[in-house]
Amino acid sequence: MTALPTPHPLTSLVEQQGWGKAEFARIMQRHGQRMGIHLATNRSTVWKWEQGQSPDEDARRVLADLLGIPWPHVQGVRWPLWLPVWEVPMLSAAWNENGTVEALTRLGESGRMDRRGFLTITGGALSGVAASWAAAQPAFASAMEGGRVTDEMVTTIEQRVETLRSLDAQFGGATLLEHAQGDLALITNLLKSGRYTDAIKHRLYALAARVSYMTGWMAYDTGRKSAAQYYVGALRTARTAGDDAFGCFMLAEMGVHVSEEGHTKDRVDLITTAVDNAPKALSPRTQSYLHLHKAEAHSRHGEHRQAGEELHRSISLWDRADDESPDWLGWYGDAQMRSTEGKIMLRSGQVKEATGALEESVKRALPRDKAVRTSRLAEARLQGSDLEGALDAANHGAELVENGVSSVRAVDRLQEFSAKLDPHAHVPAVREFRNRLQELPALAA
């Protein structure tokens, strides 16, 4: 049985919101009234729930609705495992080998349920994780008891992970997520119970960091909000492996999720932590990637001058980069850079320049990224009063999904673009695109 974290998840939830027990009980009553459910919740009731007594079905329905958790995610799940702060202990575990294994084990227990745990964790909390990462030191303990993990075994897993990464770029993460979760569970079990040399152990932790990130990325591409927990697991594991370059990469990727939840300043803080604590020997290619993310972070926060400066710095680093990319950054190149450049220019009102950059990005991208980026190109063309060109781009994205790219993100962004077409709803080509779009979610789910 999974041990409950301390404090109780409900206690953490109530404290995060700044509520007392009595206030929380009244909030539950009022929310229940709006749902047509009468609750007699009081301070004593809340205390009993914190002691382990499960709320009755009516109370669970009200609490789930209050927290924005779909009822199917609650049914059949033991109290309080479905509460959205269940993954919080992963943030506070020690930054050493034991804490890393604890975090990976927690992912194995919770990751498949997609309880959206990190929706209630603010960007500030993740900035705290960033500070802990920067201060922590890698710690390797003696080999654990169990069977011997061989070099050949690790090589086999590495090859499998590389295959998954390649397939993800082509087809999207929706159909591959369970494979990545299985690989992460396998690596975690090897770390917990295997017997290996220090060299093998280092490879296992480095591999666990990459697979944890890849699993989170696939969850994000599939439309799940729990992806951030995998990113924290990857950040921890990279620190244990002493791979600070990958840790910087993870802070940059975590910032994407923070800003999409509206915490744009926190994204600036996360990427600043990454840049300020990056290894001195970081390659120009990797530095270019970090400064590109910093440009995007400033742009999202409305700081267009700083965004332009960071974009120029990123491009300059890229132009003089002659080194090979790390295995985890092999996808980074002209297509990604042009995509971010286009988004930054579009936000600053440079529509013509943005359209050109986005066209180049879509042209050079692999199928999944192409499907995701067509909606941004469509938006730029629409802002430039080119309705026909906008629909051409959007229909190209729809065609990619129809032909096997399985990405909820691609569909979601096409739907967001569709909403911008309301002033042109009378145009037959717009109606045709919207009818086509209605058929896509089932293909990408």
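This text goes with the structure placed above it.
Residues numbered from 1 in each chain as written. Predicted model: local features only at pLDDT ≥ 70, side-chain atom pairs only at ≥ 80, totals over all residues. Heavy atoms only, no water.

(A) Spatial organisation of the layout of surface pockets. Of the volumes computed, that of the largest pocket is approximately 960 Å³. Together, 42 residues line the largest pocket, and Trp-217, Trp-331, Gln-336, Asp-369 and Arg-373 are the ones closest to its centre. Mapped onto the lining of the largest pocket, the elements with two or more residues apiece are α8 (151-171), α10 (198-221), α12 (244-260), α14 (284-300), α16 (334-347), α17 (351-364), α18 (367-383) and α20 (408-419). Of the residues forming the lining of the largest pocket, the biggest block, 6 residues, is contributed by α16. In the lining of the largest pocket, the residues fall into 17 nonpolar, 7 polar and 18 charged. (1 Å grid on protein atoms, 1.4 Å probe; cavity = no way out; pocket = protein on both sides within 12 Å on 5 of 7 lines; lining within 4 Å. Points joined across faces, edges and corners; volume = space filled by probe spheres on them. Helix = DSSP H or I, 4+ residues; strand = E, 2+ residues; numbered from the N terminus. Nonpolar A, V, L, I, M, F, W, Y, C, P; charged D, E, K, R; others polar.)

(B) Geometry of unusual backbone geometry. The phi torsion at Ser-385 lies on the positive side, around 65°, for a residue other than glycine. Turning to its location among the elements, Ser-385 is positioned in the loop between α18 and α19 (387-402). Among the residues examined, Ser-385 registers a relative accessible area of 70% and is labelled exposed. (Buried < 20%, exposed > 50% of the residue type's maximum accessible area, 1.4 Å probe, protein only.)

(C) Focus on the side chain of Glu-341. Here Glu-341 is to be found in helix α16. Separated by 2.9 Å, the side chains of Glu-341 and Arg-338 make a polar contact. Not counting residues up to four positions away in its chain, the partners in contact with Glu-341 are Leu-311 and Ala-357. (Polar contact = N/O pair within 3.5 Å; in protein donor to acceptor, adjacent residues only side chain to side chain. Contact = heavy atoms within 4.5 Å.)

(D) Up close: the pattern of salt bridges. Considering all chains together, one arrives at 25 salt bridges under this definition. A salt bridge links Arg-239 to Asp-244; its shortest N-O distance comes to 2.5 Å. For Arg-239, a relative accessible area of 6% corresponds to the buried category. Its relative accessible area of 23% is what places Asp-244 among the partly exposed residues. Between Glu-296 and Arg-300 there is a salt bridge, with the nearest N and O atoms lying 3.6 Å from each other. On the criterion of helical spacing, the pair formed by Glu-296 and Arg-300 is a turn pair, its members being 4 residues apart in helix α14. A residue is classified by how much of its surface remains accessible, and Glu-296, at 4% relative accessible area, is buried. Relative accessible area serves as the criterion here: at 29%, Arg-300 is assigned to the partly exposed category. Through salt bridges with shared partners, one network takes in Glu-296, Arg-300, Lys-343 and Arg-347. (Salt bridge = Lys/Arg side-chain N within 4 Å of Asp/Glu carboxyl O.)

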